[in-house]
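Listed here are the chains, written in short residue letters.
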Amino acid sequence: CIAVNANEVLDYFGTTVNAAARAQGLSVGDDVVLTSDVMESAGVRTMLSQHDLLSEPFTHNLKGISQVFTLYRLMPIAQREHRA
C-alpha cells in the first residue's frame, strides 16, 4: 500500500487497497466481507467470538488481481438462520 498526500488529502494506492475495495463490493447487505489477512489479524477472531456472528469462508477472483482470495462473510447468526 502506498500513501500519498496530494492537495492536503491523504490517499492510498496498491494491491491491498484494491483487494479491500473488491472484497467490500461482494457484500450482499447485512454482512461484512473480510480478507483472510484481516481474519488472521491479532484480536479479530477473539472479537468475533464475543459477538453472535457466523463466519462463512469462500474463495473469489477479485477483478484486476491475479490471485484467488479466501474471503470471509460475517453475518449475525440469527440472519443466517432466517436466510436458510
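All values derive from a computational prediction rather than experimental measurement.

A few words now on the pattern of salt bridges. Inspection of the entire model under this criterion finds one salt bridge. A salt bridge links R73 to D31, with the nearest nitrogen and oxygen atoms 2.5 Å apart. Within this pair, whereas R73 is found in strand 5 (residues 68–76), its partner D31 is found in the loop between helix 1 (15–24) and strand 3 (32–35), the two being separated by 42 residues in sequence. Here R73 and D31 have matching classes, each one buried.

What follows concerns the side chain of R73. Of the residues examined, R73 reaches a relative accessible area of 14% and is grouped as buried. Polar side-chain contacts of R73 include one of 3.1 Å to the backbone oxygen of L26.

Of note, T35 is situated in strand 3. A residue is classified by how much of its surface remains accessible, and T35, at 16% relative accessible area, is buried. Setting aside its immediate chain neighbours within four residues, T35 contacts A23, T70, L71 and Y72.

Parameters at a glance
Every chain begins its residue count from 1, and numbering advances along the sequence as written. Per-residue local features of the predicted model are confined to residues with pLDDT of at least 70, and side-chain atom pairs are confined, for both listing and counting, to 80 or more; whole-chain, interface and lining totals are unaffected and use all residues. Calculated side-chain values reflect all of the structure's heavy atoms, with hydrogen atoms and water omitted. Salt bridges are counted wherever a side-chain nitrogen of Lys or Arg sits within 4 Å of a carboxyl oxygen of Asp or Glu. Secondary structure elements follow DSSP: runs of H or I no shorter than four residues count as helices, runs of E no shorter than two count as strands, and numbering proceeds from the N terminus. Categorising residues by exposure relies on relative accessible area from a 1.4 Å probe, with only protein chains included: less than 20% of the type maximum marks a residue as buried, more than 50% marks it as exposed, and the intermediate range marks it as partly exposed. As used in this structure description, the phrase polar contact means that two N or O atoms lie within 3.5 Å; if the pair is within protein, one of them must be able to donate a hydrogen and the other to accept it, and residues adjacent in sequence are counted only when both atoms belong to side chains. Whether two residues are in contact is decided by their heavy atoms: any pair within 4.5 Å suffices.

Everything listed here is a matter of geometry and, on its own, says nothing about what the molecule does.
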